[in-house]
Amino acid sequence: MKLDVDVLRYLSKDDFRVLTAVEMGMRNHEIVPSELIDRIASLKHGGTYKVLKNLLKHKLLHHDSSKYDGFRLTYLGYDFLAIKTLVNRGVFTAIGRQIGVGKESDIFEVAKEDGTVLAMKLHRLGRVSFRAVKSKRDYLKHRSSYNWLYLSRLAALKEFAFMKALEEHGFPVPLAVDSNRHCVVMSLIQGYPLVQVKELQNPDTVFDTIIGLVVRLAEHGLIHCDFNEFNIMIDDDEKVTMIDFPQMVSVSHHNAQMYFDRDVECIFKFFSKRFNLSFEENAGHSDDSKVDSEEVGRPSFADIKKVTGFLDKELSASGFTRKDQDDIERFTGDDVEKDLDSDDTESADEHIEKDEGHFEEEGNPVEQGETSKEDTEMKQDVVSENEGLNDLGTVPEEDRQTEHENEPELTKRLNKQRRRAIQAVQGGRKNFTSRNSYKDKGGRSSHNSKIQKQLGNW
Ligand code: ADP
Ligand code: MG
């Protein structure tokens, strides 16, 4: 998906008013009836319909007339709302090039007025695992669509909350700057994902640091759950920064031990393959993995003195509640991925492309972020519309599913994730700006000048 910031510059106040009206309508409509949008936006002389046409042209909205005439936001529309809010808050004034494409996110450089460059992560849940979730029939019994924007907003909220809390506890993470809707703004890490690093001066030291982080996280009651070479950044001084937190869980999670072991295993495997660190030499019982793991000194989850409650206490202070955690775990949990992996006949790339297509048809945004004074006025107009309805994105209790996972499935899933990411890094079918581009283009500093897309006055 292209984030065409030129469009952003030319959108008028009325355009944003109607876009916001659709977002509000989506609180209780998957497809917001045109008349309702018109009522919420309350533009003079039927102006709403002209604006809707313009927003549709720029793909900020999706039109659906299957049941009645209505609209919903696309991810692009949601992007624009988040970006506008952040620009209005003075968080940044320009958007630069795309620096990363994750499994379920797009990352861009953004610049502040004084030229400081930051990283903006736009969460895109549903991009990869859409079809998998589609197979959750229990859930679908009650709904015909998915609240992807709501879930992406939760992922951003969670990531922001974790980043802040981890930073306060001295973990090497990007500095959390601000967050709105499905978007997180953070400091730009001057480094490369470990997956791109072919050589290290001190692989042993880096390895110890990384394993030390997994252990220290557990001591703080947390497990990263996606701790691998794609989510660890290394700079030229071999300083480590960890990124990507939406999937983190508490050490009291029913699968905590397995998640912890998996994170550790990932690091051991990667360092053994890429940097030829030898963990086997003392082992001698190569067919007994339990003995192996003890002899090579893998940290044992049971032996770690863990503090629990970190998630509940510190994170809820950032507005991320236990309910949010439950919601997001249910949808990003491994039973979702398991479905995805069960279809081995297609490549990961094919999944991505197809599922993106699906999303465009069926994504369903739900929650809104910050509201302006104007938004509040609109809200008052439609308060009766919202009365008595469920909170946004809540899933009926009977829809909740229990997760069942086992290790072989997870290993499979992880391998698939890795292959997918490697394909992305190597170019794949999509023409994204490569994660290698820092190295390809000779350092980051030159990129500051490339941020040309000034967003003007909104
Ligand atoms: P996902 O959740 O989709 O995997 P990540 O947070 O892992 O997204 O980001 C994807 C990629 O974007 C990373 O591998 C990295 O190359 C780049 N990236 C993410 N955050 C930053 C940052 N703060 N500074 C520099 N690059 C980043
Ligand atoms: Mg990642």
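Numbering of residues starts from 1 in each chain and follows the order in which that chain's sequence is written. Chains and ligands are labelled sequentially in the order written, the chains with letters from A and the ligands with numbers from 1. Only residues with pLDDT of 70 or above have their local features reported here, since the model is predicted, and side-chain atom pairs are shown and tallied only from 80 upward, although totals for entire chains, interfaces and linings are computed over all residues. Hydrogens and water molecules were not included; the side-chain quantities draw on all heavy atoms of the structure.

**Student:** What exactly am I supposed to notice about the site of ligand 1 here?
**Tutor:** If even one non-hydrogen atom of a residue comes within 4 Å of a molecule or strand, that residue is called near it. Residues in close proximity to ligand 1 total 21 residues, the closest being Ser105, Lys121, Ile189, Asn231 and Asp244. One of the side-chain nitrogen or oxygen atoms of Ser105 is found 2.6 Å away from an oxygen atom of ligand 1. Ser187 places a polar main-chain atom, nitrogen or oxygen, 3.0 Å from a nitrogen atom of ligand 1. Working definition of accessibility: Shrake-Rupley area with a 1.4 Å probe, residue cover restricted to the visible protein chains. Computed on the free molecule, ligand 1 has an accessible area of 550 Å², of which 94% lies beneath the protein chains in the complex. Comment: elements are numbered from the N terminus, with helices defined as DSSP H or I runs of at least four residues and strands as E runs of at least two. Broken down by element, the shell around ligand 1 gets its largest block of residues, three residues, from strand β4 (residues 94-102). A class-by-class count of the residues in the shell around ligand 1 yields eleven nonpolar, five polar and five charged. Two N or O atoms count as a polar contact when they lie within 3.5 Å, although within protein this holds only if one can serve as hydrogen donor and the other as acceptor, and sequence-adjacent residues are included solely when both atoms are side-chain atoms. Basically, the charged four are Asp, Glu, Lys and Arg, the nonpolar ten are Ala, Val, Leu, Ile, Met, Phe, Trp, Tyr, Cys and Pro, and anything else, Gly included, counts as polar.

**Student:** For this particular structure, what's the right way to read the confidence of the model for the protein chain?
**Tutor:** Detailed reading of predicted coordinates is not advised where the pLDDT is low. pLDDT is defined as a per-residue confidence score from the predictor, taking values between 0 and 100. Looking at the protein chain, pLDDT values average 74 and 62% of them are 70 or higher. Here residues 130-145 is a poorly scored stretch, pLDDT under 50, and it has 49 contacts once near neighbours within four places are set aside; other chains count. Contacts from residues 334-368, a stretch scored under 50 in pLDDT, to residues over four places away or in other chains number 122 contacts. Here a residue-residue contact requires only that any non-hydrogen atoms of the pair lie within 4.5 Å.

**Student:** Whenever I open this one, the sheet that holds strand β2 (residues 61-64) confuses me. Can you help?
**Tutor:** Note: strands within a sheet are paired through backbone hydrogen bonds, in either parallel or antiparallel orientation. For two strands to pair, DSSP has to find at least two bridges joining them. Strand order in the open sheet formed by three strands is β1-β3-β2, with antiparallel pairing between adjacent strands. Only two strands of the sheet have a single partner each, and these edge strands are β1 (32-33) and β2. Of the strand pairs in this sheet, β1 and strand β3 (residues 70-73) are connected by two bridges, and their pairing is antiparallel. From the neighbouring strand, Pro33 faces β3, where its bridge partner is Gly70. The axes used here are C-alpha line fits, helices contributing only the stretch in contact, and every angle between their N-to-C directions lies in the interval 0 to 180 degrees. Contacts between helix α2 (residues 13-25) and the sheet are confined to β1, β2 and β3, with β3 contributing the most and set at about 95° to the helix.

**Student:** What is the right way to look at the packing of α2 against helix α5 (residues 75-88) in this model?
**Tutor:** When two helices pack together, their arrangement is given by the angle between the helix axes and by the axis-to-axis distance. In the contact formed by α2 and α5, the axes pass within 11 Å of each other and the chain directions differ by 115°. Between α2 and α5, the interaxial angle falls into the category roughly perpendicular. Crossing geometry of α2 relative to α5 is assigned as left-handed. Only Gly77, Tyr78, Phe80, Leu81 and Lys84 of α5 make contact with α2, whose side of the interface consists of Phe16, Leu19, Thr20 and Glu23. Considering only residue class, the contact of α2 with α5 consists of five nonpolar, two polar and two charged. Each angle gets one of four labels, with under 35 degrees taken as roughly parallel, over 145 as roughly antiparallel, 65 to 115 as roughly perpendicular, and the rest as oblique. In this scheme, a crossing is called left-handed if the near helix is turned counterclockwise away from the far one by less than a right angle; it is called right-handed if the turn is clockwise.

**Student:** Help me understand the pairing of strand β5 (residues 105-111), please; the structure alone is not making it clear to me.
**Tutor:** Along a regular strand, successive side chains alternate from one face of the sheet to the other. Here's how the labels work: a residue is buried when its accessible area is under 20% of the maximum for its type, exposed when over 50%, partly exposed in between, all with a 1.4 Å probe on protein chains only. Of all seven residues that make up β5, seven are buried, and the element is covered over most of its length. Of the two faces of β5, the one lined by Ser105, Ile107, Glu109 and Ala111 and the one lined by Asp106, Phe108 and Val110 are each fully buried. Sheet topology note: the β4/β5 ladder contains six bridges and is antiparallel. By the bridge assignment, Gly100 is partnered in β5 with Ile107. Joining the antiparallel neighbours β5 and strand β6 (residues 117-123) is a turn of five residues, in which Gly115 adopts a positive phi near 95°.

**Student:** Would you explain the coordination of the magnesium ion (ligand 2) in this entry?
**Tutor:** Note that water is not among the atoms used; donors are N, O and S atoms within 2.8 Å of the metal (3.2 Å for Na, K and Ca), so sites may look incomplete. Protein-derived coordination of the magnesium ion (ligand 2) comes from Asn231 (OD1) and Asp244 (OD), at a distance range of 2.1 Å. Of this pair, Asn231 sits in the loop between β10 (222-223) and β11 (232-234) while Asp244 sits in the loop between β12 (240-242) and β13 (249-250); the two residues are 13 residues apart in sequence, bridging distant segments of the chain. Side by side, Asn231 and Asp244 carry an identical accessibility label, which is buried.

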